[in-house]
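# Architecture and fold: a report
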Amino acid sequence: MHQPIHFAINRISASRMPFADCLAMCRRLGVSAIEIRNDLPHAEIRDGTAPAAIRAAAQQAGITILSINALYPLDVFDAGLERKARELAVYARDCGAQALVMCPLNDRADARTPGERRRDLVQALRQLHPILDGHGIQGLVEPLGFAECALRRKSDAVAAIHEAAGERHFKLVHDSFHHHLAGEDLFFPEQTGLVHVSGVEDRQLESGQMRDGHRVLVGEGDRLGNIAQLRALLDRGCGAPVSFEPFAQGITQAADSEALLRQSMDFIRHSLL
C-alpha cells in the first residue's frame, strides 16, 4: 500500500488568475497547498504585492504556501545571487512560504568542467544554508534534465548536499519532466521535499527536443511515465506534495484552468489505484 497522494498547485498552472481566485479554485479542487513564483510578470511578487497580503489571503483561505519558485542560478554564487537569495528569503518568510526552490544554471555557453560545476554547487550550498536558516525556510534543489544543464541528476544533487553538510537545510525537487530527460532511474523518496508533475504528449518529439513549452497536464497521452514515477515514489514512502507545473501556453493561459486541473487530478488518482 503506497502513501496517499497530496496535490498542490504551482501558480504557472493558472497564471492568468488573480491570487484570490487561485486560492478559491484550490479550495474547490480540495487542494490545500500552492507554490507561488517570481517569474510571472502580472502575478504576485513581480506585481508588487506585499508579502503580508499574500500571507493574510492564504491564511484566510486555509491554503499553505509551499514555496517560492525559484532562485536561479543556484550554483553561481556571486554578489548578485546572494542579494537575490536574501530578497527571496525575506519575501518567503514574510508571506509564510515554507521553502525556496533553487534551480542550477541552464546555459549552452557554460564552459565549466564537471569538476568546476560540482565545486561551485557545493560552495553555493554552503553559502546558502545560513541564509535559509536565518529566515526559517528550507531549500529545494531542482536538477534540470536538459543536456546543457550544470546539474541534471538528483544523485549528483544528493552528493553535493552531503558534501556541503546540508542535509538539514536542503531537500530535492523530483520533477517528472526533468527526471525523464536526465535518464536517471533513481528515486530518493526520503530526500524529496516536493514533486513537480507535467506531461508531454507530442509524438513527433525526441526526448532531447522536449522543452518547457511542450509541458502540459498529465493525461492519457503522456510520454514521460508520470504514473510510474509517482508510483515508485509513493511505494517508497514519499509523502511530498505533488504540484502541477505545466508550461505550455494552452494550459497556462486557459480560461478553464480549474476543469483541466480537475481532469488531470482525476486521471492520476484513477491510474494509481
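Described in the following lines is the structure provided in the data block. (Residues numbered from 1 in each chain as written. Predicted model: local features only at pLDDT ≥ 70, side-chain atom pairs only at ≥ 80, totals over all residues. Heavy atoms only, no water.)

### Structural notes on the pairing of strand E5 (residues 138–141)
Applied cut-off: We treat two strands as partners when DSSP finds at least two bridges between them. Per the convention used, a helix needs a DSSP run of H or I reaching at least four residues, while a strand needs a run of E reaching at least two, with both numbered from the N terminus. Classification remark: right-handed applies to a crossover when, strands pointing away from the viewer, the course from the first strand over the helix to the second runs clockwise.
Examined bridge by bridge, strand E4 (residues 99–102) and E5 share 4 bridges and lie parallel to one another. Across the sheet, residue Ala99 finds its bridge partner in E5, namely Gln138. Since E4 and E5 lie parallel, the crossover through helix H4 (residues 114–135) that links them has a hand, and here it is right-handed. As defined by bridge partners, E5 adjoins strand E6 (residues 170–175) across 3 bridges and the pair is classed as parallel. Note on E6: the bridge partner recorded for Gly139 is Phe170.

### Examining the pairing of strand E3 (residues 64–71)
Here is the rule we go by: For every residue, the accessible area obtained with a 1.4 Å probe (protein chains only) is divided by the maximum for its type, and the residue is called buried under 20%, exposed over 50%, and partly exposed between those limits.
With 7 of its 8 residues buried, E3 lies for the most part within the structure. Taken together, the 5 bridges between strand E2 (residues 33–37) and E3 define a ladder with parallel strand orientation. Directly across from Arg37, in E3, lies its bridge partner Asn69. Crossover connection from E2 via helix H2 (residues 51–61) to parallel E3: handedness right-handed. Two elements, E3 and E4, share 4 bridges in a ladder whose sense is parallel. In the strand pairing of E4, Asn69 is matched with Val101. The parallel pair E3 and E4, bridged by helix H3 (residues 79–95), forms a crossover whose chirality is right-handed.

By themselves, these are just geometric observations and shouldn't be taken as functional.
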